[in-house]
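Inside the fold
Residue-level listing of the chains:
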Amino acid sequence: MDFSSGPQNLNPTIYERTEERTIQASDYDNDVTDEIDRREIFDLIRTINDPEHPLTLEELNVVDLDGITIDNQANTVQVQFRPTIPHCSMATLIGLSIRAKLLYTLPTRYKVGVNIIEGAHIQEDQINKQLNDKERVTAALENNHLRAVVNRCIVAQNS
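What comes next concerns the included structure. (Residues numbered from 1 in each chain as written. Predicted model: local features only at pLDDT ≥ 70, side-chain atom pairs only at ≥ 80, totals over all residues. Heavy atoms only, no water.)

Turning to the overall build of the protein chain, a few remarks are in order. In terms of regular secondary structure, the protein chain is built from 5 helices and 3 strands. Secondary structure elements in the protein chain, listed N-terminal to C-terminal, are α-β-β-α-β-α-α-α. Split into buried and exposed, the 159 residues of the protein chain put 42% on the buried side. If you take every contact in the protein chain between residues at least 6 apart in sequence, the share linking residues at least 24 apart comes to 66%. As displayed, the protein chain has an accessible area near 9,500 Å², and 47% of this comes from carbon and sulfur atoms. (Helix = DSSP H or I, 4+ residues; strand = E, 2+ residues; numbered from the N terminus. Buried < 20%, exposed > 50% of the residue type's maximum accessible area, 1.4 Å probe, protein only. Contact = heavy atoms within 4.5 Å. Areas by Shrake-Rupley, 256 points an atom, 1.4 Å probe, with all protein chains shown as cover.)

This next bit is on the packing of helix H1 (residues 38-45) against helix H2 (residues 91-105). Packed helix pairs are characterised by how far apart their axes lie and by the angle those axes make with each other. Two elements in contact, H1 and H2, have axes separated by 9 Å at closest approach and are oriented at 115 degrees. Where H1 crosses over H2, the handedness of that crossing is right-handed. Taken together, the residues of H2 that come into contact with H1 (itself represented by Ile41, Leu44 and Ile45) are Ile98, Lys101, Leu102 and Thr105. Class assignment for the residues of the contact of H1 with H2 results in 5 nonpolar, 1 polar and 1 charged. (Axes fitted to C-alpha atoms, helices over the stretch in contact; angles between N-to-C directions. Left-handed = near helix turned anticlockwise from the far one by under 90°. Nonpolar A, V, L, I, M, F, W, Y, C, P; charged D, E, K, R; others polar.)

You will see that Asn61, though not glycine, has its phi angle at about 60 degrees, which is positive. Examined against the element boundaries, Asn61 turns out to sit in the loop between H1 and strand E1 (68-71). For Asn61, a relative accessible area of 21% translates into the label partly exposed.

What the rule picks out here adds up to 1 cavity of 30 Å³ or more. Its boundaries defined by the atoms lining it, the largest cavity holds a volume of some 50 Å³. Surrounding the largest cavity, Asp50, Glu52, His53, Leu60, Val62, Pro83, Thr84, Cys88, Met90 and Ile94 form its lining. A per-class count over the lining of the largest cavity returns 6 nonpolar, 2 polar and 2 charged. (1 Å grid on protein atoms, 1.4 Å probe; cavity = no way out; pocket = protein on both sides within 12 Å on 5 of 7 lines; lining within 4 Å. Points joined across faces, edges and corners; volume = space filled by probe spheres on them.)

Right, let's get into the environment of Asn49. Take Asn49: it is sitting in the loop between H1 and E1. Using a relative accessible area of 10% as the deciding quantity, one classes Asn49 as buried. Note: C-alpha distance between Asn49 and Ile154 (105 residues apart in sequence) is 6.3 Å.

Quick look at helix H5 (residues 144-154) now. Residues of H5 that are buried: Leu146, Val149, Val150, Cys153 and Ile154. Around the axis of H5, the buried residues are gathered within 130 degrees of arc, so they sit on the same side. Exposed side of H5, more than 90 degrees from the buried face: Asn144 and Arg152 are the residues found there. On the buried face of H5, the contacting elements are H2 and helix H4 (134-142). Between the side-chain oxygen at the start of H5 and the backbone nitrogen of His145 there is a gap of 3.0 Å, and the oxygen is on Asn143. (Arc of directions from axis to C-beta. Polar contact = N/O pair within 3.5 Å; in protein donor to acceptor, adjacent residues only side chain to side chain.)

With that settled, the discussion passes to the side chain of Asn128. Assignment of secondary structure puts Asn128 in helix H3 (residues 124-131). Looking at Asn128, the relative accessible area reads 13%, which means it is buried. Among residues more than four places away in sequence, those in contact with Asn128 are Val114, Asn115 and Ile116.

Here it is as structure tokens:
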């Protein structure tokens, strides 16, 4: 991954942000058991920063609610994302950031899958294979430089 070259998509389309979730009193009640839903997963990943632009993945329409599937009985979460351009060199880093954010925040019982939406990238098969290879993801997150880049992406900016 070449982090030194300039942005590939110099003028990305900026999309409207989804309305914030209304917090209910039961959200603070530890005696209420509720399952994690698609909206909660979306809220976790929507604020991930794009590595090339001072925008979030939601603002660039890289992630949306429709690309999230969760099965609480099987303990699986699947996220499909859409790079802004079909030859985006940051697609692997974006996917790794999504995966890292979910691995860091979800209970450990969940198996997380991250994929590029079919037809959205010229190297989607290779990138999807990398993003869902547990050993490759672990090795990537053990690399100090790459982990620092991922951490900059997943730390929410004050808006």
